[in-house]
Amino acid sequence: MTQAPTPTADTVRRLVRSLLADSALGTTATAGPDVRPVGAGDEGSTWWVGARHVLRLAPDRETSARLRRELRLRELVRPHLGVAVPVGVAHGEWTGGLAYTLDTRVPGGSAEEHDVSAVGEADLAALLTGLREVPVRQAETLGVPRVSPRSLEALRRAAERAAERLATADEFDPARLHQLTPSAATQLAAQAGTSVLVHHGLRGEHLVVSADGRVRGVLDWTDAVVGDPAEDIAGLALAVGSPAAVRAATLAGYAARPCLRGLWLARCDTVVRLAENLTGRDAGPRPLLRVQLRRAWEAILLERVTELREQDEEG
C-alpha cells in the first residue's frame, strides 16, 4: 500500500485557499491563512484553520471511510443532542483517494482545560439521553458497526496482571482491584437488548467545555458504534471523573448496573493502559494516563451504598 505523504502547512494552506474565500479565512490575498497542527502525535492529520475552522486529513483509507461516514452520522445525531456537533463546510479528497473534512470550530476549550460544572453535568446527561434516542437502525444503515459488549471478567483478569506490574513500579495498589470480585464482574455483565449509539471516544479532548463549565459540544464521531452504553459512561469517567460521570448517567436515566459497569470498565482500562505504557506497548502521554487513572478511581456514592447493602446482607 502506498504511504500517504505527511501533510505540511503548505499542503494545508493550498487546500484551504481552494475551499474558502479570504473573507471566510479572516486573511488577505497576500497573507496565507493561519494554519497550525492541533496537537502532537497525530501525524499532522488535524489542523486549526484560523479561528473558525478545523481541517482533518485522513492518513489511510480506513480513516477516510470513517470520516465520510461521520459526515452523515453527525446529521443523524444533531437533532437528538443537547450539545453542538461540528458543521461540515467542505469535504473531498486531499491526495490519492484519501478524504478530508473542513468543519466549523465549536467555540470553547476541552475538558482537559476546564472543569465541568454542575450545569455541565446536566449537559452530559442530555448528551447520553440523546445518544439513546438516536434510531439504531438508521445509524447502522449509515455503516455504523454493531459491536458486542466487552467481557468485564476478562478485563478484570487483565487488570489484575497489570496491577502487579504497576505495584512493582510503585504506581498503583493492586488491593484496590479486590473490590471487583469475579461474582461482581458477572453481575455487571451487559444486559441483552440495551444497545444504543455509542460515541466511543468521550475523552477530554473531544468534549468542548466553556470557561463556565458548560459542555458546549462533542467532537470526533469517527469511532461511533452501536453497542454498550456503559462504554460512554466509562469514557466520561476518564474525562471528568467517576462521580461526575455517574451523576450525569443517573440524570440520563441509567440505573445502577450500567453506571457501575461503566465505572469498572474505566478503572480496569486505566490500569491496563498505564501498565502497557510503562512497558512501551502504549504510546499515550504518561502524565495524562496517570490523571485518567486517578479520575477513574475516584470513589462514588453509589458504590459506597452498594458496599453497605452487601455488608447488611452478610450480617
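Residues numbered from 1 in each chain as written. Predicted model: local features only at pLDDT ≥ 70, side-chain atom pairs only at ≥ 80, totals over all residues. Heavy atoms only, no water.

### A word on the pattern of salt bridges
It is possible for side chains of opposite charge to pair when their charged atoms get near one another.
Right, so step 1: Enumeration over the complete set of coordinates arrives at 25 salt bridges.
Right, so step 2: Here R156 makes a salt bridge to E153, at a shortest N to O gap of 2.8 Å. Taken together, the residues R156 and E153, both in helix 6 (residues 152-168) and three residues apart, mark about one turn of the helix. In terms of burial, R156 and E153 fall into one category: buried.
Right, so step 3: In this structure, E298 engages R294 in a salt bridge whose closest nitrogen and oxygen atoms are separated by 3.6 Å. (Salt bridge = Lys/Arg side-chain N within 4 Å of Asp/Glu carboxyl O. Helix = DSSP H or I, 4+ residues; strand = E, 2+ residues; numbered from the N terminus. Buried < 20%, exposed > 50% of the residue type's maximum accessible area, 1.4 Å probe, protein only.)

### Observations regarding the packing of aromatic side chains
The geometry of an aromatic ring pair is captured by the separation of the ring centres together with the interplanar angle, meaning the angle of the planes.
Right, so step 1: Inspection of every chain in the model, using the stated rule, returns two aromatic pairs.
Right, so step 2: Seen in terms of ring centroids, W264 and W297 are 5.5 Å apart; in terms of plane orientation they differ by 90°. Their pairing is edge-to-face. With W264 in helix 10 (residues 256-278) and W297 in the loop between helix 11 (286-296) and helix 12 (301-314), this residue pair connects regions lying 33 residues apart in the sequence.
Right, so step 3: Here W264 falls in the buried class, since its relative accessible area comes to 5%.
Right, so step 4: Three or more aromatic residues joined by ring pairs form one cluster here, namely F172, W264 and W297.
Right, so step 5: Between the NZ or CZ atom of R105 and the centre of the ring of W48, over which it lies, the distance is 3.7 Å.
Right, so step 6: The positively charged end of R132 is found above the aromatic ring belonging to Y254, 4.4 Å away from the centroid. (Phe/Tyr/Trp six-rings, centres within 6.5 Å; stacked < 30°, edge-to-face > 60°. Lys NZ or Arg CZ within 6 Å of the ring centre and 35° of its normal.)

### Details of helix 9 (residues 242-251)
A turn of α-helix holds 3.6 residues, and therefore any two residues three or four places apart point the same way.
Right, so step 1: A large share of helix 9 lies buried, amounting to seven of its 10 residues.
Right, so step 2: Among all positions in helix 9, only S242, P243, A244, A245, V246, A248 and A249 are buried.
Right, so step 3: Of the residues flanking the end of helix 9, it is G253, one or two places downstream, whose phi is positive at about 100°.

### Some details on the sheet that holds strand 9 (residues 215-218)
Right, so step 1: Strand order in this open sheet of three strands is 6-8-9, and the pairing throughout is antiparallel. Strands with a single pairing partner mark the edges of an open sheet, and in this sheet they are strand 6 (109-110) and strand 9.
Right, so step 2: Bridge analysis of strand 6 against strand 8 (residues 207-209) gives two bridges, and the strand direction is antiparallel. Its bridge partner being in strand 8, S110 is matched across the sheet by V208. (Pairing = 2+ DSSP bridges.)

### Quick look at the nonpolar core
Right, so step 1: With 72 residues, the main nonpolar core has L124, L197, L207, V240 and V271 as its most contacted residues.
Right, so step 2: Looking at which element gives the most residues to this core, the answer is helix 10, with 11 residues.
Right, so step 3: Contacts of L207, omitting those with residues within four sequence positions, involve G109, S110, A111, L124, L202, G217, V218, L236, A239 and V240. (Core = buried A, V, L, I, M, F, W, Y, C linked by side-chain atoms within 4.5 Å. Contact = heavy atoms within 4.5 Å.)

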